[in-house]
Amino acid sequence: MPPSYLTTYKAALDALSARTRTPLPSLLVSFALLHELTAVVPLVAVFYGSRSLGIGDTVISTIINNPPQSNSSGIRKVVQTWVEEGDAWAARIGRRYGVFGYEKRTPGELDTPPDSSKLTSRLAGDVANAVVAYGVTKPLTL
């Protein structure tokens, strides 16, 4: 039976452990903690920063309120379609299960809350904030 591809990594990690005179589990835990501090914490910080500045809401309102023109690129039309479909999906799931700020409705009930568009645009804004946070922090982790 050929050796597993993990044996190469195990040998390299054992060599690193021997060279640094640090037990392998300690190295792995340290790596995991440092990864969380340098990747996840900035992601959350940028998300809440862009949320407090209203960046995601601004992006979504720009996409929704400015219809694509016939001579503009197709990307704006595609993104607008995605946002509208996402809003419809979030509203449907939100009302069915009582999530995303919607009240759970009983099956067959057709009444929609009057502020449903505000809820879905807030959700869409948060998705846009998450995209901004990922776009900002991804280059930092490379």
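Predicted, not measured: the structure shown is a model, and the values here were computed from it.

Calculation notes
Residues numbered from 1 in each chain as written. Predicted model: local features only at pLDDT ≥ 70, side-chain atom pairs only at ≥ 80, totals over all residues. Heavy atoms only, no water. 1 Å grid on protein atoms, 1.4 Å probe; cavity = no way out; pocket = protein on both sides within 12 Å on 5 of 7 lines; lining within 4 Å. Points joined across faces, edges and corners; volume = space filled by probe spheres on them. Helix = DSSP H or I, 4+ residues; strand = E, 2+ residues; numbered from the N terminus. Nonpolar A, V, L, I, M, F, W, Y, C, P; charged D, E, K, R; others polar. pLDDT = per-residue confidence, 0-100. Contact = heavy atoms within 4.5 Å. Polar contact = N/O pair within 3.5 Å; in protein donor to acceptor, adjacent residues only side chain to side chain. Buried < 20%, exposed > 50% of the residue type's maximum accessible area, 1.4 Å probe, protein only.

## As for the layout of surface pockets
Working step 1: The computed volume of the largest pocket comes to approximately 300 Å³.
Working step 2: Lining the largest pocket are 16 residues, and of these Ile60, Val83, Ala124, Val127 and Ala128 lie nearest its centre.
Working step 3: Put simply, the parts of the chain that give the lining of the largest pocket at least two residues each are helix H3 (55-65), helix H4 (74-97) and helix H5 (116-141).
Working step 4: When its residues are assigned to classes, the lining of the largest pocket shows 13 nonpolar, 2 polar and 1 charged.

## Quick word on the confidence of the model for the chain
Working step 1: On average, residues of the chain carry a pLDDT of 78, and 82% of them reach 70 or more.
Working step 2: Within the chain, no element has a lower average pLDDT than H5, which sits at 74, and none a higher one than helix H2 (residues 24-53), at 90.

## Some thoughts on the environment of threonine 137
Working step 1: Mapped onto the fold, threonine 137 is located in helix H5.
Working step 2: With 99 residues separating them along the chain, threonine 137 and threonine 38 place their C-alpha atoms 9.2 Å apart.
Working step 3: Not counting residues within four places of it along the chain, the set of residues in contact with threonine 137 comprises Pro42, Leu43 and Val46.
Working step 4: Only 2.8 Å separates the side chain of threonine 137 from the backbone oxygen of alanine 133, close enough to count as a polar contact.

## A word on unusual backbone geometry
Working step 1: With a phi close to 55°, arginine 21 is a non-glycine residue in the positive phi region.
Working step 2: Inspection of the secondary structure puts arginine 21 in the loop between helix H1 (5-20) and H2.
Working step 3: With relative accessibility at 78%, the residue arginine 21 sits in the exposed group.

## Some remarks on the environment of serine 61
Working step 1: Note on placement: serine 61 falls in helix H3.
Working step 2: Classification of serine 61 as partly exposed rests on a relative accessible area of 31%.
Working step 3: Put simply, serine 61 and glycine 125 are 64 residues apart on the chain and 8.6 Å apart in space, counted from C-alpha to C-alpha.
Working step 4: Within the structure, serine 61 has its side chain in polar contact with the backbone oxygen of threonine 58 (distance 3.1 Å).

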